[in-house]
Amino acid sequence: MRNRMPMAAVIVMALFLSACGSTGTLADPAPVNTVERPRPVGAAENPTATSGSAAPAPPSCPADGRASIRPTGPLPPPGQMPDGNMRTIQQRGLLKAGVDQNTFLFGFRNPNTGQLEGFDIDRVHEIAAAIFGDPNKIQYVPLASADRIEALKTGKVDVVVRTFTANCTRWADINFSAIYYVAGQRLLVDKSSTVTDLKQLGGKRVCTQTGSTSFNTLSKADPKLVVVATKTWSDCLIMLQQGQADAISTDDGILAGMAAQDPNVKLVGNRFTQEPYGIGIPKRNEDMVRFVNSVLEKSIRDGAWQASYNRWLRPSIGDASPPVPEYR
Ligand code: GLU
(Lines give C-alpha, C1' and ligand atoms only; values in the text may rest on other atoms or scores of the structure.)
Protein backbone atom coordinates (compact mmCIF):
# COMPACT_ATOMS: atom_id res chain seq x y z
CA MET A 1 0.00 0.00 0.00
CA ARG A 2 3.02 2.28 0.06
CA ASN A 3 2.76 5.27 -2.35
CA ARG A 4 -0.97 4.78 -2.69
CA MET A 5 -3.10 7.90 -2.13
CA PRO A 6 -6.59 7.60 -0.70
CA MET A 7 -9.26 8.17 -3.38
CA ALA A 8 -10.62 11.32 -1.71
CA ALA A 9 -7.16 12.93 -1.84
CA VAL A 10 -6.83 12.08 -5.54
CA ILE A 11 -10.17 13.74 -6.30
CA VAL A 12 -9.27 16.86 -4.32
CA MET A 13 -5.93 17.13 -6.07
CA ALA A 14 -7.52 16.66 -9.51
CA LEU A 15 -10.00 19.44 -8.77
CA PHE A 16 -7.14 21.69 -7.62
CA LEU A 17 -5.04 21.02 -10.71
CA SER A 18 -7.96 21.60 -13.06
CA ALA A 19 -8.68 24.91 -11.29
CA CYS A 20 -5.04 25.94 -11.85
CA GLY A 21 -5.31 25.19 -15.54
CA SER A 22 -8.63 26.97 -16.05
CA THR A 23 -8.97 30.55 -17.24
CA GLY A 24 -11.11 31.51 -14.23
CA THR A 25 -10.04 33.87 -11.44
CA LEU A 26 -6.68 32.93 -9.97
CA ALA A 27 -6.59 32.38 -6.25
CA ASP A 28 -4.22 34.83 -4.53
CA PRO A 29 -1.96 32.64 -2.40
CA ALA A 30 -1.24 35.47 0.04
CA PRO A 31 -3.77 38.29 0.00
CA VAL A 32 -2.35 41.62 1.16
CA ASN A 33 -2.85 42.25 4.88
CA THR A 34 -3.84 38.67 5.71
CA VAL A 35 -0.75 36.53 5.29
CA GLU A 36 2.74 38.00 5.38
CA ARG A 37 4.25 37.78 1.90
CA PRO A 38 7.90 36.90 1.51
CA ARG A 39 10.07 39.99 1.59
CA PRO A 40 12.56 40.89 -1.14
CA VAL A 41 15.94 39.24 -0.62
CA GLY A 42 18.13 41.34 1.67
CA ALA A 43 15.29 43.49 3.05
CA ALA A 44 15.90 44.19 6.74
CA GLU A 45 14.08 46.10 9.45
CA ASN A 46 16.07 48.70 11.38
CA PRO A 47 19.48 47.34 10.37
CA THR A 48 22.40 48.99 12.12
CA ALA A 49 24.85 48.99 9.20
CA THR A 50 24.76 52.21 7.24
CA SER A 51 26.18 53.51 4.03
CA GLY A 52 29.89 53.00 3.91
CA SER A 53 29.92 56.65 4.87
CA ALA A 54 31.16 56.19 8.42
CA ALA A 55 34.60 57.69 7.74
CA PRO A 56 35.29 61.04 9.43
CA ALA A 57 34.75 64.09 7.23
CA PRO A 58 37.94 65.38 5.59
CA PRO A 59 39.53 68.45 7.26
CA SER A 60 38.70 70.66 4.31
CA CYS A 61 35.35 70.21 2.65
CA PRO A 62 34.16 73.52 1.28
CA ALA A 63 30.48 74.25 0.64
CA ASP A 64 29.36 71.05 2.43
CA GLY A 65 30.87 68.91 -0.28
CA ARG A 66 29.39 70.83 -3.22
CA ALA A 67 32.66 72.47 -4.25
CA SER A 68 34.67 70.36 -6.68
CA ILE A 69 38.07 70.71 -8.33
CA ARG A 70 38.26 73.43 -10.98
CA PRO A 71 38.82 72.39 -14.61
CA THR A 72 42.14 73.59 -16.03
CA GLY A 73 41.15 74.62 -19.51
CA PRO A 74 39.16 73.56 -22.55
CA LEU A 75 38.59 69.86 -23.17
CA PRO A 76 41.22 68.08 -25.25
CA PRO A 77 39.83 66.78 -28.56
CA PRO A 78 38.21 63.32 -28.29
CA GLY A 79 40.74 60.55 -28.87
CA GLN A 80 43.64 62.78 -27.74
CA MET A 81 43.58 62.36 -23.98
CA PRO A 82 46.54 63.72 -22.02
CA ASP A 83 48.88 61.43 -20.06
CA GLY A 84 47.39 60.04 -16.88
CA ASN A 85 44.07 58.44 -16.05
CA MET A 86 42.29 59.87 -19.08
CA ARG A 87 44.86 58.34 -21.44
CA THR A 88 44.52 54.99 -19.64
CA ILE A 89 40.74 54.98 -20.18
CA GLN A 90 41.15 56.00 -23.83
CA GLN A 91 43.62 53.17 -24.41
CA ARG A 92 41.28 50.68 -22.75
CA GLY A 93 38.61 51.71 -25.25
CA LEU A 94 35.69 51.71 -22.78
CA LEU A 95 34.55 53.91 -19.90
CA LYS A 96 33.61 51.77 -16.88
CA ALA A 97 30.55 53.44 -15.39
CA GLY A 98 28.79 52.47 -12.16
CA VAL A 99 25.07 53.11 -12.64
CA ASP A 100 21.65 51.97 -11.52
CA GLN A 101 19.34 49.92 -13.69
CA ASN A 102 16.31 50.14 -11.38
CA THR A 103 15.73 53.87 -11.07
CA PHE A 104 13.17 54.99 -13.63
CA LEU A 105 14.07 58.41 -15.15
CA PHE A 106 17.70 58.31 -13.89
CA GLY A 107 19.15 54.90 -14.71
CA PHE A 108 16.87 52.09 -15.85
CA ARG A 109 16.69 49.42 -18.50
CA ASN A 110 14.17 50.20 -21.22
CA PRO A 111 12.31 46.89 -21.59
CA ASN A 112 11.61 47.54 -25.29
CA THR A 113 15.21 48.13 -26.31
CA GLY A 114 17.18 46.47 -23.51
CA GLN A 115 19.22 49.70 -23.29
CA LEU A 116 20.01 51.65 -20.13
CA GLU A 117 18.44 55.11 -20.19
CA GLY A 118 17.80 58.15 -18.03
CA PHE A 119 19.17 61.46 -16.83
CA ASP A 120 22.23 59.87 -15.20
CA ILE A 121 22.86 57.65 -18.23
CA ASP A 122 22.90 60.77 -20.46
CA ARG A 123 25.80 62.11 -18.33
CA VAL A 124 27.71 58.84 -18.91
CA HIS A 125 27.21 59.17 -22.69
CA GLU A 126 28.54 62.74 -22.57
CA ILE A 127 31.73 61.64 -20.78
CA ALA A 128 32.27 58.74 -23.22
CA ALA A 129 31.71 61.06 -26.20
CA ALA A 130 34.28 63.51 -24.83
CA ILE A 131 36.90 60.76 -24.36
CA PHE A 132 36.38 58.63 -27.45
CA GLY A 133 34.26 60.69 -29.84
CA ASP A 134 31.73 57.87 -29.42
CA PRO A 135 28.99 58.17 -26.76
CA ASN A 136 28.52 54.40 -26.59
CA LYS A 137 31.99 53.20 -25.62
CA ILE A 138 30.76 52.31 -22.15
CA GLN A 139 30.94 49.26 -19.93
CA TYR A 140 28.07 49.60 -17.48
CA VAL A 141 28.46 48.19 -13.98
CA PRO A 142 25.12 48.12 -12.12
CA LEU A 143 25.65 49.12 -8.49
CA ALA A 144 23.47 49.23 -5.38
CA SER A 145 23.66 52.41 -3.29
CA ALA A 146 25.83 50.66 -0.71
CA ASP A 147 28.38 49.50 -3.32
CA ARG A 148 29.21 52.84 -4.94
CA ILE A 149 32.13 53.95 -2.78
CA GLU A 150 33.78 50.52 -2.72
CA ALA A 151 33.52 50.22 -6.52
CA LEU A 152 35.45 53.50 -6.86
CA LYS A 153 38.02 52.62 -4.20
CA THR A 154 38.83 49.27 -5.79
CA GLY A 155 38.97 50.64 -9.34
CA LYS A 156 36.06 48.48 -10.48
CA VAL A 157 34.64 51.60 -12.15
CA ASP A 158 36.06 54.91 -13.44
CA VAL A 159 32.96 56.92 -12.51
CA VAL A 160 29.74 56.46 -10.56
CA VAL A 161 26.78 58.29 -12.05
CA ARG A 162 23.97 57.09 -9.85
CA THR A 163 21.83 59.63 -7.94
CA PHE A 164 24.92 60.11 -5.77
CA THR A 165 24.74 62.81 -3.09
CA ALA A 166 28.05 64.64 -2.69
CA ASN A 167 28.73 65.23 1.00
CA CYS A 168 31.73 65.69 3.25
CA THR A 169 31.67 62.18 4.70
CA ARG A 170 31.86 60.68 1.23
CA TRP A 171 34.57 63.15 0.14
CA ALA A 172 36.78 61.46 2.74
CA ASP A 173 36.81 58.35 0.54
CA ILE A 174 36.28 59.60 -3.01
CA ASN A 175 36.14 62.72 -5.18
CA PHE A 176 33.04 64.27 -6.66
CA SER A 177 32.47 66.30 -9.80
CA ALA A 178 30.62 69.60 -9.64
CA ILE A 179 26.94 69.26 -8.75
CA TYR A 180 24.78 68.48 -11.79
CA TYR A 181 21.38 68.16 -10.08
CA VAL A 182 19.89 68.94 -6.66
CA ALA A 183 17.22 66.60 -5.28
CA GLY A 184 15.64 66.49 -1.81
CA GLN A 185 14.27 63.70 0.35
CA ARG A 186 10.47 63.31 0.48
CA LEU A 187 7.81 60.65 1.01
CA LEU A 188 5.90 58.37 -1.35
CA VAL A 189 2.70 56.71 -0.14
CA ASP A 190 -0.31 54.85 -1.47
CA LYS A 191 -2.87 57.16 -3.13
CA SER A 192 -5.38 56.32 -0.39
CA SER A 193 -3.00 57.28 2.45
CA THR A 194 -3.54 60.47 4.47
CA VAL A 195 0.13 60.65 5.53
CA THR A 196 1.94 63.83 4.52
CA ASP A 197 4.76 63.96 7.07
CA LEU A 198 7.36 61.63 8.61
CA LYS A 199 5.93 62.48 12.05
CA GLN A 200 2.75 60.60 11.16
CA LEU A 201 4.70 57.41 10.50
CA GLY A 202 5.88 56.54 14.04
CA GLY A 203 5.57 52.77 14.53
CA LYS A 204 5.04 52.29 10.77
CA ARG A 205 7.37 50.84 8.16
CA VAL A 206 9.23 53.22 5.84
CA CYS A 207 11.29 51.67 3.06
CA THR A 208 14.58 53.01 1.77
CA GLN A 209 17.80 51.65 0.30
CA THR A 210 20.76 50.39 2.31
CA GLY A 211 23.77 52.65 1.92
CA SER A 212 21.83 55.77 0.98
CA THR A 213 21.79 59.14 2.69
CA SER A 214 18.02 58.58 2.92
CA PHE A 215 18.66 55.62 5.23
CA ASN A 216 20.86 57.73 7.51
CA THR A 217 18.28 60.52 7.64
CA LEU A 218 15.44 58.12 8.49
CA SER A 219 17.50 56.30 11.12
CA LYS A 220 18.05 59.58 12.94
CA ALA A 221 14.54 60.97 12.40
CA ASP A 222 12.34 59.20 14.96
CA PRO A 223 13.16 56.12 17.05
CA LYS A 224 9.59 54.89 16.59
CA LEU A 225 9.99 54.65 12.78
CA VAL A 226 10.59 51.14 11.49
CA VAL A 227 13.15 51.68 8.74
CA VAL A 228 13.05 48.89 6.18
CA ALA A 229 16.25 48.81 4.12
CA THR A 230 16.36 47.03 0.74
CA LYS A 231 19.00 46.56 -1.92
CA THR A 232 17.09 48.22 -4.78
CA TRP A 233 14.42 50.87 -5.22
CA SER A 234 12.22 48.37 -7.07
CA ASP A 235 12.16 46.26 -3.90
CA CYS A 236 10.83 49.27 -1.95
CA LEU A 237 8.13 49.86 -4.57
CA ILE A 238 7.08 46.20 -4.42
CA MET A 239 6.92 46.34 -0.62
CA LEU A 240 4.72 49.45 -0.76
CA GLN A 241 2.48 47.87 -3.41
CA GLN A 242 2.11 44.69 -1.32
CA GLY A 243 1.33 46.54 1.89
CA GLN A 244 4.61 45.49 3.50
CA ALA A 245 5.70 49.12 3.84
CA ASP A 246 3.58 52.18 4.62
CA ALA A 247 5.81 54.64 2.77
CA ILE A 248 9.03 54.97 0.78
CA SER A 249 11.40 57.80 1.52
CA THR A 250 14.27 58.99 -0.62
CA ASP A 251 15.15 61.69 -3.19
CA ASP A 252 12.10 63.24 -4.83
CA GLY A 253 13.40 62.54 -8.35
CA ILE A 254 13.63 58.82 -7.61
CA LEU A 255 10.16 58.87 -6.04
CA ALA A 256 8.82 60.77 -9.06
CA GLY A 257 10.07 57.90 -11.22
CA MET A 258 8.11 55.42 -9.08
CA ALA A 259 4.99 57.60 -9.29
CA ALA A 260 5.39 57.72 -13.08
CA GLN A 261 5.46 53.90 -13.13
CA ASP A 262 2.58 53.29 -10.72
CA PRO A 263 -0.61 55.43 -10.78
CA ASN A 264 -1.59 54.14 -7.32
CA VAL A 265 1.15 55.99 -5.44
CA LYS A 266 1.76 59.68 -4.74
CA LEU A 267 4.54 61.99 -3.55
CA VAL A 268 3.60 63.91 -0.41
CA GLY A 269 4.99 66.52 1.99
CA ASN A 270 7.90 68.89 1.63
CA ARG A 271 11.56 68.17 1.01
CA PHE A 272 13.33 67.61 4.31
CA THR A 273 16.92 67.33 3.00
CA GLN A 274 19.02 68.63 0.13
CA GLU A 275 20.70 65.98 -2.02
CA PRO A 276 23.18 67.57 -4.45
CA TYR A 277 24.21 64.98 -7.03
CA GLY A 278 27.84 64.69 -8.12
CA ILE A 279 29.64 62.16 -10.28
CA GLY A 280 31.80 59.94 -8.07
CA ILE A 281 35.46 59.56 -9.10
CA PRO A 282 38.31 57.71 -7.34
CA LYS A 283 40.21 59.79 -4.78
CA ARG A 284 43.55 59.61 -6.58
CA ASN A 285 42.16 60.65 -10.00
CA GLU A 286 42.05 64.45 -9.83
CA ASP A 287 42.74 64.72 -13.56
CA MET A 288 39.47 62.87 -14.15
CA VAL A 289 37.58 65.24 -11.86
CA ARG A 290 38.83 68.22 -13.87
CA PHE A 291 37.97 66.46 -17.13
CA VAL A 292 34.45 65.46 -16.00
CA ASN A 293 33.83 69.01 -14.74
CA SER A 294 34.76 70.37 -18.18
CA VAL A 295 32.32 67.90 -19.73
CA LEU A 296 29.55 69.06 -17.36
CA GLU A 297 30.31 72.72 -18.13
CA LYS A 298 30.10 71.98 -21.86
CA SER A 299 26.83 70.09 -21.42
CA ILE A 300 25.34 73.06 -19.57
CA ARG A 301 26.73 75.54 -22.13
CA ASP A 302 25.54 73.76 -25.26
CA GLY A 303 22.04 72.94 -23.96
CA ALA A 304 22.55 69.16 -23.67
CA TRP A 305 21.89 69.23 -19.91
CA GLN A 306 18.64 71.15 -20.44
CA ALA A 307 17.46 68.84 -23.24
CA SER A 308 18.20 65.83 -21.05
CA TYR A 309 16.39 67.37 -18.07
CA ASN A 310 13.40 68.27 -20.23
CA ARG A 311 13.21 64.73 -21.60
CA TRP A 312 13.50 62.79 -18.36
CA LEU A 313 12.58 64.95 -15.38
CA ARG A 314 10.56 67.97 -16.45
CA PRO A 315 7.30 66.04 -17.09
CA SER A 316 7.33 64.79 -13.47
CA ILE A 317 9.23 67.49 -11.60
CA GLY A 318 8.59 70.71 -13.55
CA ASP A 319 10.95 73.35 -14.89
CA ALA A 320 14.54 73.59 -13.65
CA SER A 321 17.79 75.04 -14.89
CA PRO A 322 21.25 73.57 -14.36
CA PRO A 323 23.01 74.23 -11.04
CA VAL A 324 25.89 76.71 -11.18
CA PRO A 325 29.14 74.75 -10.64
CA GLU A 326 31.09 75.57 -7.47
CA TYR A 327 34.84 75.01 -7.19
CA ARG A 328 37.25 75.05 -4.28
N1 GLU B 1 21.03 60.50 -3.17
C2 GLU B 1 21.02 59.61 -2.08
C3 GLU B 1 22.37 58.96 -1.88
O4 GLU B 1 23.28 59.18 -2.63
C5 GLU B 1 19.93 58.57 -2.15
C6 GLU B 1 19.76 57.91 -3.49
C7 GLU B 1 20.57 56.66 -3.70
O8 GLU B 1 21.17 56.13 -2.79
O9 GLU B 1 20.57 56.22 -4.84
O10 GLU B 1 22.58 58.22 -0.96
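Look a little higher up for the structure.
Anyway, here's the lowdown on the structure attached to this text.

Rules used in this analysis
- Residues numbered from 1 in each chain as written.
- Predicted model: local features only at pLDDT ≥ 70, side-chain atom pairs only at ≥ 80, totals over all residues.
- Heavy atoms only, no water.
- Helix = DSSP H or I, 4+ residues; strand = E, 2+ residues; numbered from the N terminus.
- Contact = heavy atoms within 4.5 Å.
- Areas by Shrake-Rupley, 256 points an atom, 1.4 Å probe, with all protein chains shown as cover.
- Buried < 20%, exposed > 50% of the residue type's maximum accessible area, 1.4 Å probe, protein only.
- Phe/Tyr/Trp six-rings, centres within 6.5 Å; stacked < 30°, edge-to-face > 60°.
- Lys NZ or Arg CZ within 6 Å of the ring centre and 35° of its normal.
- Pairing = 2+ DSSP bridges.

The next point concerns the overall build of the chain. When you go through the chain residue by residue, the secondary structure sums to 11 helices and 16 strands. Considering only intrachain contacts with a sequence separation of at least 6, the fraction spanning at least 24 residues in the chain is 73%. In the structure as shown, the chain presents an accessible area of about 15,900 Å², 54% of it carried by carbon and sulfur atoms.

In this structure, Phe104 sits in the loop between β3 (102-103) and β4 (107-109). Owing to a relative accessible area of 24%, Phe104 belongs among the partly exposed residues under this scheme. Along the primary structure Phe104 and Gly257 are separated by 153 residues, whereas in three dimensions their C-alpha atoms are 4.9 Å apart. Setting aside residues up to four positions removed in sequence, Phe104 forms contacts with Gly257, Ala260 and Gln261.

One pass over the structure, following the stated rule, counts 15 aromatic pairs. With a centroid separation of 6.3 Å and an interplanar angle of 55°, the aromatic rings of Tyr180 and Tyr277 are classed as tilted. Taken together, the residues span a long stretch of sequence, with Tyr180 in the loop between β8 (174-176) and β9 (181-183) and Tyr277 in strand β15 (residues 275-277) at a distance of 97 residues. By the burial criterion, Tyr180 is buried, and Tyr277 matches it. Residues Tyr181 and Tyr277 carry aromatic rings whose centres are separated by 5.6 Å and whose planes lie at 55° to one another, so their mutual orientation is tilted. Here Tyr181 is found in strand β9, whereas its partner Tyr277 is found in strand β15, with 96 residues between them in sequence. Residues Tyr181 and Tyr277 agree in their burial class; the two are buried. Put simply, the rings of Phe106, Phe119, Tyr180, Tyr181, Tyr277, Trp305 and Tyr309 pair up and form one aromatic cluster. Between the NZ or CZ atom of Arg123 and the centre of the ring of Phe119, over which it lies, the distance is 4.6 Å. Taking NZ or CZ as reference, Arg328 lies 4.0 Å from the ring centre of Trp171, over its face.

The pairing of strands in a sheet comes from backbone hydrogen bonds and takes either a parallel or an antiparallel form. Judged by pairing direction, the sheet is antiparallel, and its three strands sit side by side in the order β3-β4-β5 without closing on themselves. The sheet is open, and its two edges are formed by β3 and β5 (116-117), each paired on a single side. Where β4 and β5 come together, two bridges link them in antiparallel fashion. Directly across from Arg109, in β5, lies its bridge partner Leu116.

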